[in-house]
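The residues making up each chain are set out below.
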Amino acid sequence: MSPALAIAEAVNRGTSARAAVERALAACRAERWNCIVRTCEAEALAAAEAVDRRVRAGERLPLAGVPIAVKDNLCITGLPATCCSRMLAGYIAPYTATAIARLQDAGAVVVAQTNMDEFAFGSSNETSCYGPVRNPHDPTRIPGGSSGGSAAAVAAGLVPIAIGSDTGGSIRQPAGLCGCFGLKPTYGLVSRYGLIAFGSSLDQVGPLAADPADAEAALLAMAGPDPLDATSVAWELSAPAASLAGLRLGVVPAHREGLQPAVRAALEACCERARAAGAELVEVELPHERYAVAVYYIIGTGEAASNLARMDGVRFGHRAEADDLAALYAESRGQGFGAEAKRRIMLGTFVLSTGYYEAYYRKAMQVRRLIRDDFRAAFARCAAILGPVSPTTAFRFGEKLADPLQMYLSDIFTIAANLAGIPALSFPCGRDPDGLPIGLQLSGPPGSDRQLLAWSRALAISAGVPLAPCDAAA
Amino acid sequence: MPISESEVRRLASLARLALSEAEVARLVGELEAIVAYVAQLAAVDTEGVEPIAQVTDLEHPGRPDAVVAGLARDTALALSRQHDGECYLVPKVVER
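Student: Can you lay out the overall build of chain B for me, pointing to particular residues and giving the numbers?
Tutor: The helix and strand tally for chain B stands at three helices and zero strands. Counting from the amino terminus, helix and strand elements in chain B follow one another as α-α-α. In summary, chain B has a C-alpha radius of gyration of 22 Å against a globular reference of 12 Å for 96 residues, an excess of more than 25%. Counting over 96 residues, chain B shows a buried share of 32%. Within chain B, contacts between residues at least 6 apart in sequence are counted, and of these 22% link residues at least 24 apart. Carbon and sulfur atoms provide 53% of the accessible area of chain B, an area that totals close to 6500 Å². The distance from the centre of the 9 positive side-chain charges to the centre of the 16 negative ones in chain B is 13 Å.

Student: I'd love a proper account of unusual backbone geometry, names of residues and values included.
Tutor: The omega torsion across Gly145 of chain A and Ser146 of chain A is 10°, close enough to zero to call that bond cis. For Ser146 of chain A, the location among the structural elements is in the loop between β3 (109-114) and α5 (148-155). A positive phi is found at Arg16 of chain B, a non-glycine position, where the angle reads about 50°. In this fold, Arg16 of chain B is placed in the loop between α1 (5-14) and α2 (21-38).

Student: I'd like a description of the nonpolar core, backed by residues and values.
Tutor: Ranked by internal contacts, the top residues of the largest apolar core, which has 101 residues, are Leu103, Val111, Ile163, Leu386, Phe427 and Leu442 of chain A. The element best represented in this core is helix α8 (residues 261-276) of chain A, accounting for seven residues. Those residues in contact with Leu386 of chain A, other than ones at most four positions away along the chain, are Leu249, Gly250, Val251, Leu267, Cys270, Cys271, Phe427, Leu440, Gln441, Leu442 and Leu459 of chain A. Formed by 86 residues, the second largest nonpolar core is a distinct cluster that contains Leu347 and Phe379 of chain A together with Leu17 and Leu41 of chain B.

Student: Break down the pattern of salt bridges for me, with residues and values.
Tutor: Any two side chains of opposite charge can pair, so long as their charged atoms come close to each other. Under the counting rule described, the total for this entry stands at 28 salt bridges over all chains. Two residues, Arg192 of chain A and Asp229 of chain A, come together in a salt bridge whose shortest N-O distance is 3.6 Å. Of this pair, Arg192 of chain A sits in the loop between β5 (181-184) and β6 (204-209) while Asp229 of chain A sits in the loop between α7 (212-222) and β7 (248-251), and the two are 37 residues apart along the sequence. Here Arg192 of chain A and Asp229 of chain A have matching classes, each one buried. Here Asp211 of chain A and Arg457 of chain A are joined by a salt bridge, their closest N and O atoms 3.1 Å apart. Of this pair, Asp211 of chain A sits in the loop between β6 and α7 while Arg457 of chain A sits in helix α15 (residues 449-462), and the two are 246 residues apart along the sequence. A relative accessible area of 3% places Asp211 of chain A in the buried class. Sharing partners across several salt bridges, the network here consists of Glu340, Arg343 and Arg344 of chain A together with Arg26 and Glu30 of chain B.

Student: So what's going on with the packing of helix α1 (residues 3-12) of chain A against α7 of chain A? Residues and values would help.
Tutor: Residue and element names in this part refer to chain A. The geometry of α1 relative to α7 is characterised by a closest axis approach of 7 Å and an angle of 65° between their N-to-C directions. In this structure, α1 uses Pro3, Ala4 and Leu5 to contact α7, whose residues at the interface are Ala213, Asp214 and Ala217. Counted by class, the contact of α1 with α7 contains five nonpolar, no polar and one charged residues.

Student: Quick rundown of the sheet that holds strand β10 (residues 424-431) of chain A? Include the residues and the values.
Tutor: Residue and element names in this part refer to chain A. Here eleven strands make up an open sheet; going across it, the order is β1-β3-β2-β4-β6-β5-β10-β11-β9-β7-β8 and the pairing mixed. Two strands close off the open sheet at either side, each with one partner strand: β1 (36-39) and β8 (280-283). When strand polarity is set aside, the average angle formed by the axes of neighbouring strands in this sheet is 30°. Judged from the three bridges that link them, strand β2 (residues 67-71) and strand β4 (residues 161-166) form a sheet pairing that is parallel. Counted as the bridge partner of Ile68 is Ile161 from β4. Contacting β5, β9 (384-388), β10 and β11 (437-443), α15 crosses the sheet at an angle of about 5° to β10.

Student: Tell me about the interface of chain B and chain A, and please be specific about residues and values.
Tutor: Across the boundary between the two partners, chain B contributes 54 residues, which contact 67 residues of chain A. For the pair chain B and chain A, the two sides together bury roughly 5200 Å², of which 69% comes from carbon and sulfur. The largest share of the area that chain B buries against chain A comes from Leu41, Ile52 and Leu79 of chain B, three residues that together contribute 13% of it. Scanning the region where chain B abuts chain A turns up four salt bridges. Our count for the contact surface shared by chain B and chain A stands at 19 residue pairs in polar contact (both at pLDDT 80 or more). Where the side of chain B that touches chain A is concerned, the elements lending two or more residues are α1, α2 and α3 (73-77) of chain B. Broken down by element, the side of chain B that touches chain A gets its largest block of residues, ten residues, from α2 of chain B.

Student: Provide a residue-level description of helix α2 (residues 18-30) of chain A, including the pertinent values.
Tutor: Here α2 of chain A contains 13 residues, and its C-alpha end-to-end distance of 18 Å stays within 8% of the 18 Å for a straight helix at 1.5 Å per residue. Summarising the contacts, the buried residues of α2 of chain A are in contact with α1, β1, α3 (41-56), β2 and β3 of chain A.

Student: Provide a residue-level description of the pairing of β10 of chain A, including the pertinent values.
Tutor: Residue and element names in this part refer to chain A. In terms of burial, β10 is largely enclosed, as six of its eight residues are buried. Pairing analysis gives six bridges linking β10 to β11, with the strands arranged antiparallel. Residue Pro428 lies in a different strand from β11, and its bridge partner there is Gly439. Following β10, the chain reverses through five residues before pairing antiparallel with β11; Gly435 in that reversal takes a positive phi of roughly 85°.

Student: Lay out the confidence of the model for chain B in plain terms, naming residues and giving numbers.
Tutor: Of all residues in chain B, 99% attain a pLDDT of 70 or more, and the chain-wide mean is 93. Here α3 of chain B stands out as the least confident element of chain B, with mean pLDDT 95; α1 of chain B is the most confident, with 97.

Student: An account of the state of the cysteines is requested, with residue identities and associated values reported.
Tutor: Residues and elements named next belong to chain A. Per the counting criterion, the structure on display carries zero disulfides over all chains. Not engaged in a disulfide, the cysteine Cys35 finds its nearest cysteine sulfur in Cys28; these two sulfurs lie 7.0 Å apart. Residue Cys35 is classed as buried on the basis of its relative accessible area of 0%.

Student: Any details on the side chain of His137 of chain A? Residues and values, ideally.
Tutor: All names here are of chain A. With respect to the element layout, His137 can be found in the loop between β3 and α5. In this structure the side chain of His137 is engaged in a polar contact, spanning 2.9 Å, whose partner is the backbone oxygen of Cys178. Ignoring anything within four residues of it in the chain, the contact list for His137 reads Ala155, Cys178, Gly179, Arg431, Leu436, Pro437 and Cys470.

Procedures and definitions
- Residues numbered from 1 in each chain as written.
- Chains lettered and ligands numbered in written order.
- Predicted model: local features only at pLDDT ≥ 70, side-chain atom pairs only at ≥ 80, totals over all residues.
- Heavy atoms only, no water.
- Helix = DSSP H or I, 4+ residues; strand = E, 2+ residues; numbered from the N terminus.
- Rg over C-alpha atoms; globule rule 2.2 N^0.38 Å.
- Buried < 20%, exposed > 50% of the residue type's maximum accessible area, 1.4 Å probe, protein only.
- Contact = heavy atoms within 4.5 Å.
- Areas by Shrake-Rupley, 256 points an atom, 1.4 Å probe, with all protein chains shown as cover.
- Lys, Arg positive; Asp, Glu negative; His and termini not counted.
- Charge placed at Lys NZ, Arg CZ, Asp CG, Glu CD.
- Core = buried A, V, L, I, M, F, W, Y, C linked by side-chain atoms within 4.5 Å.
- Salt bridge = Lys/Arg side-chain N within 4 Å of Asp/Glu carboxyl O.
- Axes fitted to C-alpha atoms, helices over the stretch in contact; angles between N-to-C directions.
- Nonpolar A, V, L, I, M, F, W, Y, C, P; charged D, E, K, R; others polar.
- Pairing = 2+ DSSP bridges.
- Buried area = accessible area lost by both parts, 1.4 Å probe.
- Polar contact = N/O pair within 3.5 Å; in protein donor to acceptor, adjacent residues only side chain to side chain.
- Expected span 1.5 Å × (residues − 1).
- pLDDT = per-residue confidence, 0-100.
- Disulfide = S-S within 2.5 Å.

Here it is in structure tokens:
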């Protein structure tokens, strides 16, 4: 049984939730990868007691007593939510994100909040005001981002499930680089209420776990329409088939280009094993996918610049001393935001400004439709697409920090799923010669989330991947 | 497309973002490189393609017009660095 479900099973049988929660709290306090920005002892122990009371009263909770860690951009009443930015230092959330409230209702206990790139802007977790997260597989390397803290917390075995958010790959890329499973759900499947917004048409909350059965349990707890998120959609998540036999698995020839040799070899080996297990491999084309990064850095920054306009120094967050209101806004924002946030605000302001809107923003929205239509055409021919998550395994600190465009291009394979609104996940599928995890990506049509998790489990097991945290971290 | 320092300053003013001289100088080159990269979209034939702003296919989703509890005033004000218990306080904007 998977780690989280084993805890829930024991707690539902009458074992106190306290032991598992205390164990996770201790691990989070002692961790050495900087993946946790704060633990919440008092709240977690009180929540564990509440779970025990509910179980004693006869309830059976799908995630009874399961300790979880939550990315620092999801609001939880009474706890800080800073997006790892000086801009939100001291901010205490006055409400709880729907996704987290549903996990808590299912019995999960939040033990800690995880490090992330500032406002989720980054692919390496180097832009956090709390400092970078170290990859548990090699502390000289980045864990990926922006949900790097959540991925590292799972990889290091601190918690069985961590929650992240994914706007252009921020769950999948760190999950891949840290060797765990990470799902970006179908857009609209999980409510965004209480997720501090980055790109509202792209953002999704999703789970990271060492075993996809745990990710599935978290997904089922979080999913479903929410009156507080007008973009949430009811999807029928029927129980998936576990077998790869008869699966029409799409592969995109262009995805083999520009990969680190070990990543390419892992992809080809995975295709071979899928074929051996009875899947039929189908070549599909996504002709407009190569424009995804360009489309994303127009739409994503435009939405980010608009969303971050609320950080004005007046109602919450950092406030500068100033003599007039215009200076209060500008100085508060100039002092509060880090370099990458400023860059994206500037770029977003550029693409939305008079004279450039037609050439950039409108054009990007047109190409977005073409990218979505490419996926629709592809999924008429196959049930899922298998490909890389990242062109390389985890890179070293500082390697791409000086060149924003190179950093943006590390998301080249993950961004299209956000633009198309389809579910996509990263699963571990081998190691490179340095022992670093290689993640592969499985994407499918809207609503196929559970099915993707089941297939990824079969693919990971066939590759001999242990569905457990990394050994080095033990 | 070349991006000038004055263009960077204009954008910063639109974004209400105070930048140092060094930040302005760095952003000139960075924005120029990123804008040059995204300009590749000009090569895509989008004649007659309707733009999409979202992907859910939802159209004007509604919900019951019911009164529900919102954020209480004192809870909201408590998040602010300066307030008087009723309103947020900001520097005077109207001279008279």
